[in-house]
Amino acid sequence: MNTPNAEWRDLDALHHLHPFTNHASLRAAGARVIVKADGPYIYDSEGHRILDGMAGLWTTNVGYGRRELADAARDQILELPFYNTFFKTTHPPVVALSQKLAEIAPPHINQVFYGSSGSESNDTAIRLIRHYWALKGEPSRRVIISRKNAYHGSTIAAGSMGGMGHVHQHSYPVYEGFRHVMDPCWFDEGNDGESLDEFGIRAARAIEDEILAVGPENVAAFAGELVQGAGGVKIAPNTYWPEVQRIVDKYGILLLADEVITGFGRLGTWFASDHYGIKPNLITFAKAVTSGYLPLSGLLIDDRIVEALLAHDDDFNHGYTFSGHPVACAVALKNLEIMERERLLPRVTDYAAPALARMLGKFKDHPLVGEVRSVGMMGAMELVADKKTRRRFENPGRVGLICRDHFFREGFIMRAVFDTMVCAPPLIWADSEFEEAERVIGKALDLTLADVAGEIAA
Ligand SMILES: *Cc1c(COP(=O)(O)O)cnc(C)c1O
């Protein structure tokens, strides 16, 4: 492991193709080599300490360097490193975790189907939704309505359910049976003079319009992230989710909540469905269930769907070798135990979420910033050419990357989604981390402003 930095970079370029990456530009610049992490910080091979404002990739909710999680993995590897759950077999870690998840999930949800990634579990959801309607004798119900800018993963099915054009472009072709309606982000979609509440209702009604256009007898489900994460931390107004619930109830269609980011405390509740007071039939989770220490995902399934499965003496022909992997389950259990013991959920509500909102709020008058927004421990800053009219820069993504690079050089990670700067810190941030982030953001925004000053509206 003592290979010098330049050599890691060269070997990486020779042998490793990265996800969601422009390979020509990565080859030109070389990857940054991250060698270790502790608490809220990561460290690169040149010895820089970097404050991780993205919690890995929306994952590391309890922070890095937790010895207890390492011990849980080690103990389970020695006890039972792997056994499958296909052939009427089970094992203690998967049983214990399933019981725990049923306890913290909304009351009408009591069963879990596991995978190893959010994409996989959304594929499970897509299959199960269509299978459910077939079992119910309504096989014409196949259409799943989701939203533009949604991210549900990168397999072909989950990518088709997602609403990102650049993902669809590489799906050859996008699966049929998915319809995408407007997302509930006021900054992009709101009309001047329209209140947030009015906008929330209008955005939800777009789902009803689509149901009527497709024919309610053909619609199986509506799927959405409770807060669109990869799409740019797009936060729905408070009127949106209750209206969505009313609409799915009215037409009897299933509601799939993709909580791959919002699950496990990011909004101060176990699931954001609790935060918004909705009752999904299905909840996808992944990322933070293990705080990213090992890959694990799952689909929480409500009693209505489970009863339909139980009423039929037949297989559900679907599953993964690593469904319910014992080591990942053991780490997940320990991770949830840490969250409870350290009271991280109330900590988000009472301290961290208000601190993040306050910190971002300090930049709302900056000449580059068109809007700041946050909910729980997820936040965004819109970089714009004209604050007054919300006009964006030419070549979307260019200024965001300039800004992201300034952040990185100053020792802080925020992600650029085109020109929206997003953050999702671990839930453990204290005053010192918020203060450090504020210093760096101020400096990086000023440096970015200097780079693009000629493009800013007077
Ligand atoms: C990351 C993400 C996924 C996909 O999860 P993978 O583990 O990368 O397959 C799905 N949905 C949402 C909301 C995500 O943020």
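Thresholds applied
- Residues numbered from 1 in each chain as written.
- Predicted model: local features only at pLDDT ≥ 70, side-chain atom pairs only at ≥ 80, totals over all residues.
- Heavy atoms only, no water.
- Domains from an automatic or database assignment.
- Buried area = accessible area lost by both parts, 1.4 Å probe.
- Salt bridge = Lys/Arg side-chain N within 4 Å of Asp/Glu carboxyl O.
- Polar contact = N/O pair within 3.5 Å; in protein donor to acceptor, adjacent residues only side chain to side chain.
- Helix = DSSP H or I, 4+ residues; strand = E, 2+ residues; numbered from the N terminus.
- Near = heavy atom within 4 Å.
- Areas by Shrake-Rupley, 256 points an atom, 1.4 Å probe, with all protein chains shown as cover.
- Core = buried A, V, L, I, M, F, W, Y, C linked by side-chain atoms within 4.5 Å.
- Buried < 20%, exposed > 50% of the residue type's maximum accessible area, 1.4 Å probe, protein only.
- Contact = heavy atoms within 4.5 Å.
- Phe/Tyr/Trp six-rings, centres within 6.5 Å; stacked < 30°, edge-to-face > 60°.
- Lys NZ or Arg CZ within 6 Å of the ring centre and 35° of its normal.
- Patch = residues over 30% accessible without salt bridge, like charges linked within 9 Å, V, L, I, M, F, W, Y side chains within 5 Å.
- Axes fitted to C-alpha atoms, helices over the stretch in contact; angles between N-to-C directions.
- Parallel < 35°, antiparallel > 145°, perpendicular 65-115°, else oblique.
- Left-handed = near helix turned anticlockwise from the far one by under 90°.
- Nonpolar A, V, L, I, M, F, W, Y, C, P; charged D, E, K, R; others polar.
- Bend = angle between axes of the 7 residues up to and from the residue.

1. Topic: the domain arrangement of the protein chain
1) Next: By the assigned domains, the protein chain splits into domain 1 (32-62 + 343-455) and domain 2 (68-341).
2) Next: The C-alpha centroid of domain 2 is placed 27 Å from the C-alpha centroid of domain 1.
3) Next: When the two sides are added together, the surface that domain 1 and domain 2 hide from each other amounts to roughly 2,700 Å², 63% of it contributed by carbon and sulfur.
4) Next: Applying the counting criterion to the domain 1 and domain 2 interface returns two salt bridges.
5) Next: Close ionic contact of Asp192 with Arg390 constitutes a salt bridge, the shortest N to O distance being 2.9 Å.
6) Next: At the junction of domain 1 with domain 2, the criterion picks out 16 residue pairs in polar contact (both at pLDDT 80 or more).
7) Next: When contributions to the side of domain 1 that touches domain 2 are tallied by element, the ones reaching two or more residues are α3 (55-58), α15 (344-361), β11 (369-375), β12 (378-383), β14 (415-417) and β15 (420-423).
8) Next: The element contributing the most residues to the side of domain 1 that touches domain 2 is β11, with five residues.

2. Observations concerning the site of the ligand
1) Next: Taken together, Ser117, Gly118, Ser119, Asn122, Tyr151, His152, Gly153, Glu225, Asp258, Val260, Ile261 and Lys287 make up the full set of residues near the ligand.
2) Next: Side-chain polar atom of Ser119 to an oxygen atom of the ligand: 2.5 Å apart, as the coordinates give it.
3) Next: Between the ligand and the protein, one listed contact pairs a nitrogen atom with a backbone N or O atom of Tyr151 at 3.3 Å.
4) Next: The protein chains hide 83% of the 380 Å² of surface that the ligand would expose on its own.
5) Next: Ranked by residue count, the leading element in the shell around the ligand is helix α6 (residues 118-135), at three residues.

3. Some thoughts on the nonpolar core
1) Next: In terms of nonpolar packing, the biggest core is built from 74 residues, with Leu101, Phe222, Trp241 and Phe264 touching the most fellow members.
2) Next: A per-element tally of this core places helix α14 (residues 326-341) first, with eight residues.
3) Next: Here this core spans two domains, and each of domain 1 (32-62 + 343-455) and domain 2 (68-341) adds at least three residues to it.
4) Next: Residues contacting Trp241, with those up to four places away along its chain left out, are Arg147, Phe222, Gly224, Glu225, Leu226, Ala236, Leu255, Tyr276 and Ile278.
5) Next: Listed in part, the 36 residues of the second largest apolar core include Tyr43, Met359, Phe407 and Phe434.

4. Some points on the packing of aromatic side chains
1) Next: Counting across every chain of the model gives 13 aromatic pairs.
2) Next: Look at Phe82 and Phe322: their rings are 5.5 Å apart centre to centre, the planes differ by 80 degrees, and that puts the pair in the edge-to-face class. Here the residue Phe82 occupies a position in the loop between α4 (67-79) and α5 (92-104), and Phe322 occupies one in the loop between α13 (303-310) and α14, the gap between them amounting to 240 residues.
3) Next: Members of the aromatic cluster, connected to one another through ring pairs, are Tyr351, Phe407, Phe412, Trp429 and Phe434.
4) Next: One Lys or Arg, Arg130, reaches over the ring of Phe178 and ends 5.0 Å from the middle of that ring.
5) Next: Between the NZ or CZ atom of Arg141 and the centre of the ring of Trp133, over which it lies, the distance is 4.4 Å.

5. Concerning a nonpolar patch on the surface
1) Next: A cluster of nonpolar side chains, contributed by Trp8, Leu11 and Leu14, occupies part of the molecular surface with about 280 Å² of accessible area.
2) Next: With respect to the helices and strands, the residue Trp8 is situated in helix α1 (residues 5-15).
3) Next: For Trp8, a relative accessible area of 30% corresponds to the partly exposed category.

6. Some details on unusual backbone geometry
1) Next: Positive phi, normally seen in glycine, also occurs at Lys88, with a value near 55 degrees.
2) Next: Positionally, Lys88 belongs in the loop between α4 and α5.
3) Next: In this structure Lys88 comes out as exposed when scored by relative accessible area, which is 87%.
4) Next: Even without being glycine, Val233 reaches a positive phi, approximately 45 degrees.

7. Re the packing of α6 against α13
1) Next: Across the interface, α6 lies against α13 with an axial gap of 10 Å and an inter-helix angle of 60 degrees. One element, α6, and the other, α13, form an angle in the oblique class. Helix-helix and strand crossings are classified by hand; for α6 and α13 the assignment is left-handed. Two secondary-structure elements touch here, α6 through Leu128, His131, Tyr132, Trp133 and Leu135 and α13 through Arg304, Ile305, Ala308 and Leu309.
2) Next: For the contact of α6 with α13, the per-class residue count stands at seven nonpolar, one polar and one charged.

8. So, the pattern of salt bridges
1) Next: Considering all chains together, one arrives at 26 salt bridges under this definition.
2) Next: A salt bridge links Arg141 to Glu138; the shortest N-O distance between them is 3.0 Å.
3) Next: Assessed through its relative accessible area of 31%, Glu138 is described here as partly exposed.
4) Next: Between Lys334 and Glu337 there is a salt bridge; the shortest N-O distance is 3.3 Å. Residue Lys334 and its partner Glu337 are located together in helix α14, separated by three residues, close to a single helical turn.

9. Description of α15
1) Next: Ala352 marks the point of greatest bend in α15, at about 40 degrees, and the proline Pro354 comes within the next four residues.
2) Next: Turning to α15, its buried residues number three or more, namely Leu344, Leu345, Val348, Ala352, Ala353, Ala355, Leu356, Met359 and Leu360.
3) Next: As for α15, its buried residues are in contact with α14, β11, β12, β15 and α17 (431-452).

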